[in-house]
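Single-letter residue listing:
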Amino acid sequence: MEITVAQKLDALLKLQSIDSQLDEIKKLRGDLPEEVRDLEDEIVGFETRISKFNKEIDALDTEVNAYKATKKDSEKLIQKYKDQQMNVRNNREYDAISKELELQELEIQLAEKRIREAEFKVRNKQTEIADTEGAMNARKKDLEVKQKELNVLVAESQEDEKQLVGQRDKQAGQVEERLLNAYNRIRDNSLNGLAVVMVKRGACGGCFNVVPPQRQADIKEKKKIIVCEHCGRILADVEGK
Ligand SMILES: [Zn+2]
């Protein structure tokens with residue numbers, strides 16, 4: 001059985017009514033859902049930064065340990081050379097060992113310098129972590145407050161919303177797909193969420209531009225789906241008169 005245009009318009013009007021009620025519920029929540037999402041994103045950003053700093057600190061610690069090992073090796077060599085120096089047979093041997101000793105002393109100085117540099121970097125990163133954590137904790141407190149507010153609002157309307165969402169799914173199933181897509185598109189582009197409106201006092205109920213009498217007559221006939229030539233909303237019927 002063919003569905004008439006009047007039936008299609010009726011189904012769309014019912015869908016619009018459900019969606020408008022859902023819009024009202026969302027309006028009550030205001031910007032809170034978005035604010036909560038933004039704060040959550042920000043906190044994730046802080047966490048990423050902290051974990052990056054920690055990885056850099058780990059790399060620096062590894063570097064420090066490597067230089068400490070180098071230092072220890074040089075110290076052992078120095079001890080060995082000093083022992084050898086006690087038992088040299090001539091000046092040439094003594095000088096050769098002295099050169100080796102000097103070389104290892106330099107190695108130690110270089111390692112100590114590198115260790116100091118790395119430790120300085122570690123301290124800077126630790127400061128940055130502490131600052132980031134401070135900022136993050138402030139955001140977490142903000143989030144907690146906003147989340148609580150939102151939870152209260154959601155709890156108040158949760159049941160209604162659930163029912164409406166169920167009704168919406170059912171009603172959307174009553175509308176043919178092509179028409180439903182058009183409806184959703186118009187709704188997305190409309191600030192007040194209205195895709196289907198009535199003609200009220202000779203004007204489009206969505207944008208309030210005048211609808212000419214002949215067009216009103218066509219709308220009342222419901223032979224085809226007519227949209228407002230100004231805003232593109234579907235004009236379901238003419239109210240009153
Ligand atoms: Zn309009």
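Novice: Summarise the overall build of the protein; cite the residues concerned and give the values.
Specialist: Summing up its helical and strand segments, the protein has five helices and three strands in all. Beginning at the N terminus, the succession of helices and strands in the protein can be written as α-α-α-α-β-β-α-β. Relative to the 2.2 N^0.38 estimate, which gives 18 Å for 241 residues, the radius of gyration of the protein is 38 Å and therefore markedly larger than a compact globule would have. Each principal axis of the C-alpha atoms in the protein carries an extent, and together these give about 125 × 35 × 35 Å. As displayed, the protein has an accessible area near 16400 Å², and 50% of this comes from carbon and sulfur atoms. Positive and negative charge centroids in the protein, built from 44 and 48 side chains respectively, lie 3 Å apart.

Novice: Kindly report on the sheet that holds strand 3 (residues 234-238), identifying the contributing residues and their values.
Specialist: In space, the three strands of this open sheet follow the order 2-1-3, with mixed pairing throughout. Each edge of the open sheet is held by one strand with a lone partner, namely strand 2 (203-204) and strand 3. Where strand 1 (residues 196-200) lies against strand 3, four bridges are found, and the strand directions are parallel. Counterpart to M198 in the pairing with strand 3 is D237. With respect to the sheet, helix 1 (residues 5-29) is in contact with strand 1 and strand 3, its orientation differing from that of strand 3 by roughly 105 degrees.

Novice: Go over the nonpolar core, please, and point to the residues and values.
Specialist: Soluble globular proteins tend to bury their nonpolar side chains together. Ranked by size, the top nonpolar core spans 17 residues in total, and within it I129, M136 and L143 carry the most contacts. Of all the secondary-structure elements, those providing two or more residues to this core are helix 2 (32-86) and helix 3 (91-172). In terms of residue count, helix 2 provides more of this core than any other element does, ten residues in total. Contact partners of I129, with chain neighbours within four places excluded, come to I50, F53, N54 and I57.

Novice: Can you lay out the pairing of strand 1 for me, pointing to particular residues and giving the numbers?
Specialist: The sheet contact formed by strand 1 and strand 2 spans two bridges and is antiparallel. Looking across to strand 2, one finds that K200 is bridged to A203. Adjacent in sequence and paired antiparallel, strand 1 and strand 2 are bridged by two residues, among which R201 carries a positive phi angle near 45 degrees.

Novice: Give a description of the layout of surface pockets that names residues and reports values.
Specialist: In this structure, the largest pocket spans a volume of roughly 190 Å³. The wall of the largest pocket is formed by S20, D23, E24, K26, K27, R187, S190, L191, N192 and G193. No other element matches helix 1, which puts five residues into the lining of the largest pocket. Residues that form the lining of the largest pocket fall into these classes: one nonpolar, four polar and five charged. When its volume is computed, the second largest pocket comes out at roughly 150 Å³. Together, I3, Q7, K8, D10, A11, K14, Q171, Q174, V175, E176 and L179 line the second largest pocket. With five residues, helix 1 is the largest single contributor of residues to the lining of the second largest pocket. Grouping the amino acids of the lining of the second largest pocket by side-chain chemistry returns four nonpolar, three polar and four charged.

Novice: Any chance you could break down the side chain of E161 for me, citing the residues and the numbers?
Specialist: Its place among the elements puts E161 in helix 3. When near neighbours in sequence (up to four residues on either side) are disregarded, E161 contacts L22, I25, K26 and R29.

Novice: Now, about the domain arrangement of the protein: what can you tell me, with residues and values included?
Specialist: As a measure of interface size, the accessible area lost when the parts come together is often cited. Once the domains are mapped, the protein shows domain 1 (1-29 + 176-241) and domain 2 (31-158). For domain 1 versus domain 2, the separation of C-alpha centres amounts to 64 Å.

Novice: Go over the coordination of the zinc ion, please, and point to the residues and values.
Specialist: Protein coordination of the zinc ion is provided by C204 (SG), C207 (SG), C228 (SG) and C231 (SG), with donor distances spanning 2.2 to 2.3 Å. Exposure remark for C204: the relative accessible area of 0% places this residue in the buried category. The exposure class assigned to C207 is partly exposed, which follows from its relative accessible area of 23%.

Novice: Describe in detail the pattern of salt bridges, supporting the description with residues and values.
Specialist: A complete count under the given rule lists 17 salt bridges for this structure. Among the salt bridges present, the one from K146 reaches E35, with a minimum N-O distance of 2.8 Å. Taken together, the positions of K146 in helix 3 and E35 in helix 2 put the pair 111 residues apart, joining distant regions of the chain. By relative accessible area, which is 26% here, K146 ends up partly exposed. Note on E35: relative accessible area 28%, which makes it partly exposed.

Conventions we followed
Residues numbered from 1 in each chain as written. Predicted model: local features only at pLDDT ≥ 70, side-chain atom pairs only at ≥ 80, totals over all residues. Heavy atoms only, no water. Helix = DSSP H or I, 4+ residues; strand = E, 2+ residues; numbered from the N terminus. Rg over C-alpha atoms; globule rule 2.2 N^0.38 Å. Areas by Shrake-Rupley, 256 points an atom, 1.4 Å probe, with all protein chains shown as cover. Lys, Arg positive; Asp, Glu negative; His and termini not counted. Charge placed at Lys NZ, Arg CZ, Asp CG, Glu CD. Pairing = 2+ DSSP bridges. Contact = heavy atoms within 4.5 Å. Axes fitted to C-alpha atoms, helices over the stretch in contact; angles between N-to-C directions. Core = buried A, V, L, I, M, F, W, Y, C linked by side-chain atoms within 4.5 Å. Buried < 20%, exposed > 50% of the residue type's maximum accessible area, 1.4 Å probe, protein only. 1 Å grid on protein atoms, 1.4 Å probe; cavity = no way out; pocket = protein on both sides within 12 Å on 5 of 7 lines; lining within 4 Å. Points joined across faces, edges and corners; volume = space filled by probe spheres on them. Nonpolar A, V, L, I, M, F, W, Y, C, P; charged D, E, K, R; others polar. Domains from an automatic or database assignment. Donors = N, O, S within 2.8 Å, 3.2 Å for Na, K, Ca; no water. Salt bridge = Lys/Arg side-chain N within 4 Å of Asp/Glu carboxyl O.

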